[in-house]
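Now for the letters of each chain:
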Amino acid sequence: MNPEALATLHAHLLPALAAAPSETRRLFHGRGRCWAGLEQLTVDWLQGVVLVSLFKEPVPDQLDDLKTLLLELTVSAEWKQSGAHTLLIQHRYLPQSTAEWLLGDEIDEMTIVEGGLQYRVDLGRKQNAGLFLDMRYGRNWVREQANGKRVLNLFAYTCGFSVAAIEGGANHVVNLDMSRAALSRGRDNHRLNGHDLSKVSFLGHDLFKSWGKVINSGPYDLVIIDPPSFQKGSFLLTKDYQRVLRRLPELLTAQGTVLACMNDPAFGSDFLIDGVTQEAPSLRFVERLENPPEFPDIDPESGLKALIFHRTP
C-alpha cells in the first residue's frame, strides 16, 4: 500500500460513501487484483458500519498511512452524507482475525439487510462475519427458484441460502453443517424474517458420516453445495468435492437442480463441470451465475463460481 495505492483507495471510497446503499454491500474489492498494491484489502458497508479487512500484514508505516487515510474519510462530507458512524479494521491475517476499532463504539453483533431480508452478523470476533456478500446473486437465484420445492443446503453455515429459499416459498429446507453454532445463527436468521421453522431442518453433522440422514430426508428438488475450499479435518476441495457430486443422483428428484459453488482462485469453472460430468453424468451444465458488479476480478475464473446443473431424464 504505497502512496499511489492509497490515493486510489481514497478516490474509490469517497464516491462510494456519497452513494452509500441502503443495504449491505461491498464498497471496494481489492482482492480481485484490479488495483495494484490493494490486492489484500476489502471495504464493506454494513449500513453505517465501515469494515476494512486486511488479508496480509502491511509494513507498519503503510498501516499507519492507511489508518490516517481512513480517519480523514470520517470527517469528509461524503462520510457524513452516508450516515456512517463506525469504522474498524479487521486484521484477517492474525490467528484471531483481531479487530481494531478506529471510530465508534465496539459492536459484537448487528443485523444487516440484503434483498430486504435480515441477517445477524458478528463484528470483530470471528474470521467471517456470517454472510458472504459475493454470493448475493446466488441467494437471489435460490429465492426465485425455490417456490414449492424441497431444498437441501449442504455446508449451510449460517443458512443464508435457506433464508432465501423459505422467503421464496420453499416447502422445506434441510440445512447441514458441522458447526452447530453456525446453524444456531441460521435459526436466528429465520426468526428475524418471521419464517415458519417447521419448514426448516438443521443437521449438525459431518456430511461424510451422515449420508443416511441426508438421503432419508430426500429426495430434493434443489441441492445447494457451497463448501469451504479447505477445512482442516473435514473438507479438502480437490478430494472431497467429487465425493459429494457422486451422491447427487441419490439426492435429486427426476427433474432436480443443483447449484454448485466454489471460491478457490486456483480452480476455474471446468473443475466443477468436469467433476459433474464424471461423477454425476445424468446432470447437464446449464449456466454460471454472474457475480455482483462490486466484485470485479482481473480473471473471472479466479472469483466466485456458482454453477447451475439440471438433471436430465
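Provided above is the structure to which this section pertains.
Read on for an overview of the structure. This is a predicted model, so every value here is computed, not measured. (Residues numbered from 1 in each chain as written. Predicted model: local features only at pLDDT ≥ 70, side-chain atom pairs only at ≥ 80, totals over all residues. Heavy atoms only, no water.)

## Description of the nonpolar core
Side chains that are nonpolar tend, in soluble globular proteins, to be buried together. Going by this rule: In this text, buried Ala, Val, Leu, Ile, Met, Phe, Trp, Tyr and Cys residues form a nonpolar core when linked through side-chain atoms within 4.5 Å. Think of it in three bands: with a 1.4 Å probe and only protein chains considered, a residue is buried below 20% of the maximum accessible area for its type, exposed above 50%, and partly exposed in between. Residue contacts follow a heavy-atom distance rule, with two residues in contact if any of their heavy atoms lie within 4.5 Å.
By size, the foremost hydrophobic cluster in this structure holds 32 residues, and its most contacted members are Leu154, Val223, Ile225, Tyr241, Leu248 and Val258. Among residues more than four places away in sequence, those in contact with tyrosine 241 are Ile225, Pro227, Phe235, Leu236, Ala260, Cys261, Phe271 and Leu272.

## Here we look at the side chain of aspartate 44
The condition that has to hold: Secondary structure elements are taken from DSSP: a helix is a run of H or I of four residues or more, a strand is a run of E of two residues or more, and numbering for both begins at the N terminus. Any pair of nitrogen or oxygen atoms within 3.5 Å is treated as a polar contact; in protein, a donor-acceptor pairing is required on top of that, and neighbouring residues in sequence qualify only through side-chain atoms on both sides.
Mapping aspartate 44 onto the fold places it in strand β2 (residues 41–46). There is a polar contact of 2.6 Å between the side chain of aspartate 44 and the side chain of arginine 26. Setting aside anything within four residues of it in sequence, one finds aspartate 44 in contact with Arg25, Arg26, Leu27, Val49, Val50, Leu51 and Leu133.

## Some points on the sheet that holds β2
Here is the rule: Whether two strands pair depends on DSSP finding at least two bridges between them. Note on geometry: axes are lines fitted to C-alpha atoms, helical ones only across the stretch in contact, with angles between N-to-C directions running from 0 to 180 degrees.
Read from one edge to the other, the open sheet built from five strands follows the order β1-β2-β3-β4-β5, with strand pairing classed as mixed. Because the sheet does not close on itself, it has two edges, and the strands there are β1 (25–29) and β5 (99–103). Pairs of neighbouring strands in the sheet enclose a mean axial angle of 20°, with direction left out of account. When β1 meets β2, the two strands line up antiparallel, connected through four bridges. Counterpart to arginine 25 in the pairing with β2 is tryptophan 45. Relative to the sheet, helix α1 (residues 3–18) contacts β1, β2 and β3 (49–54), its axis offset from that of β1 by approximately 160°.

## With respect to the pattern of salt bridges
Basically, it comes down to this: Basic side-chain nitrogens of Lys or Arg form a salt bridge, by our definition, when they fall within 4 Å of a carboxyl oxygen of Asp or Glu.
All told, the structure shown has 16 salt bridges when counted by the stated rule. The salt bridge partner of glutamate 294 is arginine 136, with a shortest N-O separation of 2.7 Å. Note that glutamate 294 is positioned in the loop between β15 (283–288) and β16 (305–311) and arginine 136 in helix α4 (residues 136–145), a separation of 158 residues in sequence. Across the pair arginine 185 and aspartate 188 runs a salt bridge, and its minimum N-O distance is 3.9 Å. In this pair, arginine 185 and aspartate 188 both sit in helix α6 (residues 180–192), three residues apart, roughly one turn of the helix. The buried category is assigned to arginine 185, whose relative accessible area is 11%. By sharing partners, the salt bridges in this structure join Glu109, Arg120, Asp122, Arg185, Asp188 and Arg191 into a single network.

## A word on the packing of aromatic side chains
Selection rule: Centres within 6.5 Å make a pair out of two Phe, Tyr or Trp rings, where for Trp the six-membered ring is used; the pair is then stacked when the planes are under 30 degrees apart, edge-to-face when over 60, and tilted otherwise. The criterion is that NZ of a Lys, or CZ of an Arg, lies within 6 Å of the ring centre and within 35 degrees of the ring normal, and then a charge sits over that ring.
Taken as a whole, this structure holds nine aromatic pairs when the rule is applied. Ring centres 5.0 Å apart and planes at 55° place the aromatic pair phenylalanine 267 and phenylalanine 271 in the tilted group. Note on phenylalanine 267: relative accessible area 24%, which makes it partly exposed. A connected cluster of aromatic rings, assembled from ring pairs, spans Phe155, Phe208, Trp211, Phe235, Tyr241, Phe267 and Phe271. The lysine or arginine in question, arginine 31, covers the ring of phenylalanine 55, its NZ or CZ lying 3.9 Å from the ring centre. Stacked on the ring of phenylalanine 202, the Lys or Arg arginine 187 has its end atom at 4.4 Å from the ring centre.

## Details of unusual backbone geometry
Of the consecutive residues glycine 218 and proline 219, the connecting peptide bond is found in the cis state with omega at 0°. Positive phi, normally seen in glycine, also occurs at tyrosine 157, with a value near 55°. Its relative accessible area of 24% is what places tyrosine 157 among the partly exposed residues.

## Here's the deal with the packing of α4 against helix α5 (residues 160–167)
The condition is simple: Should the near helix be turned counterclockwise from the far one by less than a right angle, the crossing is left-handed, whereas a clockwise turn marks it as right-handed.
For the pair α4 and α5, interaxial distance at closest approach is 7 Å and the crossing angle is 35°. Relative to α5, α4 is oriented so that their crossing is right-handed. Touching Gly138, Arg139, Val142 and Arg143 of α4 are Gly160, Phe161, Ala164, Ala165 and Glu167, all from α5.

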